[in-house]
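Listed below, chain by chain, are the residues.
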Amino acid sequence: MEEQREALRKIITTLAMKNEEIQSFIYSLKQMLLNVEANSAKVQEDLEAEFQSLFSVLEELKEGMLMKIKQDRASRTYELQAAKQIKDGVTMAPAFRLSLKAKVSDNMSHLMVDFAQERQMLQALKFLPVPSAPVIDLAESLVADNCVSLVWRMPDEDSKIDHYVLEYRRTNFEGPPRLKEDQPWMVIEGIRQTEYTLTGLKFDMKYMNFRVKACNKAVAGEFSEPVTLETPAFMFRLDASTSHQNLRVDDLSVEWDAMGGKVQDIKAREKDGKGRTASPINSPARGTPSPKRMPSGRGGRDRFTAESYTVLGDTLIDGGEHYWEVRYEPDSKAFGVGVAYRSLGRFEQLGKTAASWCLHVNNWLQVSFMAKHANKVKVLDAPVPDCLGVHCDFHQGLLSFYNARTKQVLHTFKTRFTQPLLPAFTVWCGSFQVTTGLQVPSSVRCLQKRGSATSSSNTSLT
């Protein structure tokens, strides 16, 4: 009986998906019919305008040439009528013969025209050929450093192409682009070459769709077959359910608030009275959750407390390489960034136990910049940047910190991670902003391959 129910559920699910596909197809057909009507009316209007323009040119040319004939006729008539004296046309000849010669001729053949070539050109007039659809070359296209370099080619040589139009959009769905997507197509016009690089992208979704079309002076061709490129990057949010009550968490930004605990208690009571949850994990605005994104196991009573002004990320790191950046307010009295096991105690501060690793900036009483782990400290002899990059290679056991602007290595922990990690942050009397959706920069990968990243490791901290 249970097997039959499961089979029935699968059939219903399949039918529902097929119904959605059919509805989407019908919607696209209706849209195409509307487009046919609108586009045909437009091209007819454009064609009439072009012929009217051509008629105007021919009419102007005719008027000009008729005017030339009239002027020439008037000039010759004047010359002939003005010849009242014939002495200018008389020559002395032998035997006193007289010869009379008119100054002008009555031949007007120099004003004849031959439109045979132009007539052939007009008879050969056809609709302007529509450019072919380009072909995107996936083998030559590249996704790296939060940039996408796209390369395409034309199937046939076309010297009349003026420019290309590139469109792209973000998606969480692999494979061919769907007709209906939540994200709109972004448009880049006026591309003169058969390649283009999108820079400074934030990969907050798993994939990107691309398509391109060619345009001549008058008409645009069809779009290329759309392609989908994977945009792997580490994406997470800050888990407000783990944060100290004096930290005001808003998505990826945090501000220390001395009255935060009292204010949050009031808001929590208000929300509890309305039957709503205060956890941002369940908010629909968070988008499609990552498979590794999960509650960190800390409820309201387990949030960090006392002097551990800490908040964790909501996505586990249990393999691969990941990179993120954080910009903190320089006037913050204390700030720390790193990683921690989920088992980090609610009273424990970053870097003071074996369950966390961090870089710590202290502007209280005296300025200090240090790497901390297991309550061991290494003072760093480097200027304190306002933006830090964090690179975690889980399998290699490397946690490196960089000046996010120059990619200078500030410190590297080399260890063996025995549990999944979470991004971790701490701030006191200050604020910070996290940037996620970033790929591991190529310069960081090069530094690691050359072994430069491990040269600053301090074994006493691992």
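Our subject in this report is the structure included herewith. This one's a predicted model, so the numbers in the text were calculated from it and none came from an experiment.

1. Considering unusual backbone geometry
Only a minority of non-glycine residues have a phi that is not negative, and only a minority of peptide bonds are not trans.
Argument step 1. Unlike most non-glycine residues, Asp251 shows phi in positive territory, near 60°.
Argument step 2. As for its placement among the helices and strands, Asp251 is situated in the loop between β12 (247–250) and β13 (253–256).
Argument step 3. For Leu365, which is not glycine, the phi torsion reads 70° and is therefore positive.
Argument step 4. The exposure class of Leu365 is exposed, given its relative accessible area of 78%.

2. Looking at the pairing of strand β5 (residues 147–153)
Argument step 1. Sheet analysis places strand β3 (residues 135–136) next to β5, joined by two bridges and oriented antiparallel. Paired with Ile136 across the strands is Trp152, a residue of β5.
Argument step 2. Connecting the antiparallel pair strand β4 (residues 142–144) and β5 is a turn made up of two residues, with Asp145 showing a positive phi of about 55°.
Argument step 3. In this structure, β5 lies alongside strand β8 (residues 195–198), joined through four bridges in antiparallel fashion.

3. Here's the deal with the packing of aromatic side chains
Argument step 1. Across all of its chains, the model carries 16 aromatic pairs by this definition.
Argument step 2. A ring pair is formed by Phe234 and Phe236, whose centres lie 5.0 Å apart and whose planes are at 40°; its orientation type is tilted. For the pair Phe234 and Phe236, one class covers both residues: buried.
Argument step 3. Aromatic pair Tyr328 and Phe335: ring centres 4.7 Å apart, planes at 10°, arrangement stacked. Taken individually, Tyr328 and Phe335 each receive the classification buried, so the pair is uniform in this respect.
Argument step 4. When the ring centre of Trp185 is taken as origin, the NZ or CZ atom of Arg211, which lies over that ring, is 4.0 Å away.
Argument step 5. One Lys or Arg, Lys333, reaches over the ring of Trp428 and ends 5.6 Å from the middle of that ring.

4. Regarding helix α4 (residues 442–450)
Argument step 1. All of the buried residues along α4 are Val444, Leu447 and Gln448. Around the axis of α4, the buried residues are gathered within 95° of arc, so they sit on the same side. What points out from α4, more than 90 degrees from its buried face, is the exposed set Lys449 and Arg450.
Argument step 2. In this structure, the buried residues of α4 make contact with β15 (321–328), β20 (387–393), β21 (398–403) and β22 (409–414).

5. Notes on the pattern of salt bridges
Argument step 1. According to the stated counting rule, one finds 15 salt bridges in the structure shown.
Argument step 2. Here Lys18 ties to Glu21 by a salt bridge, and the two come within 3.7 Å at their closest N and O atoms. Of the two residues, Lys18 and Glu21 are both situated in helix α1 (residues 2–81); the distance of three residues between them amounts to about one turn of the helix.
Argument step 3. Classification of Lys18 by relative accessible area gives partly exposed; the value is 46%.
Argument step 4. A salt bridge links Asp251 to Arg237, with the nearest nitrogen and oxygen atoms 2.9 Å apart. Of this pair, Asp251 sits in the loop between β12 and β13 while Arg237 sits in the loop between β10 (227–230) and β11 (238–239), and the two are 14 residues apart along the sequence.
Argument step 5. Its relative accessible area of 15% is what places Arg237 among the buried residues.
Argument step 6. Look at the salt bridges and you will find they share partners, linking Glu2, Glu6 and Arg9 into a network.

Conventions we followed
Residues numbered from 1 in each chain as written. Predicted model: local features only at pLDDT ≥ 70, side-chain atom pairs only at ≥ 80, totals over all residues. Heavy atoms only, no water. Helix = DSSP H or I, 4+ residues; strand = E, 2+ residues; numbered from the N terminus. Buried < 20%, exposed > 50% of the residue type's maximum accessible area, 1.4 Å probe, protein only. Pairing = 2+ DSSP bridges. Phe/Tyr/Trp six-rings, centres within 6.5 Å; stacked < 30°, edge-to-face > 60°. Lys NZ or Arg CZ within 6 Å of the ring centre and 35° of its normal. Arc of directions from axis to C-beta. Contact = heavy atoms within 4.5 Å. Salt bridge = Lys/Arg side-chain N within 4 Å of Asp/Glu carboxyl O.

By themselves, these figures tell us nothing about what the structure is for.
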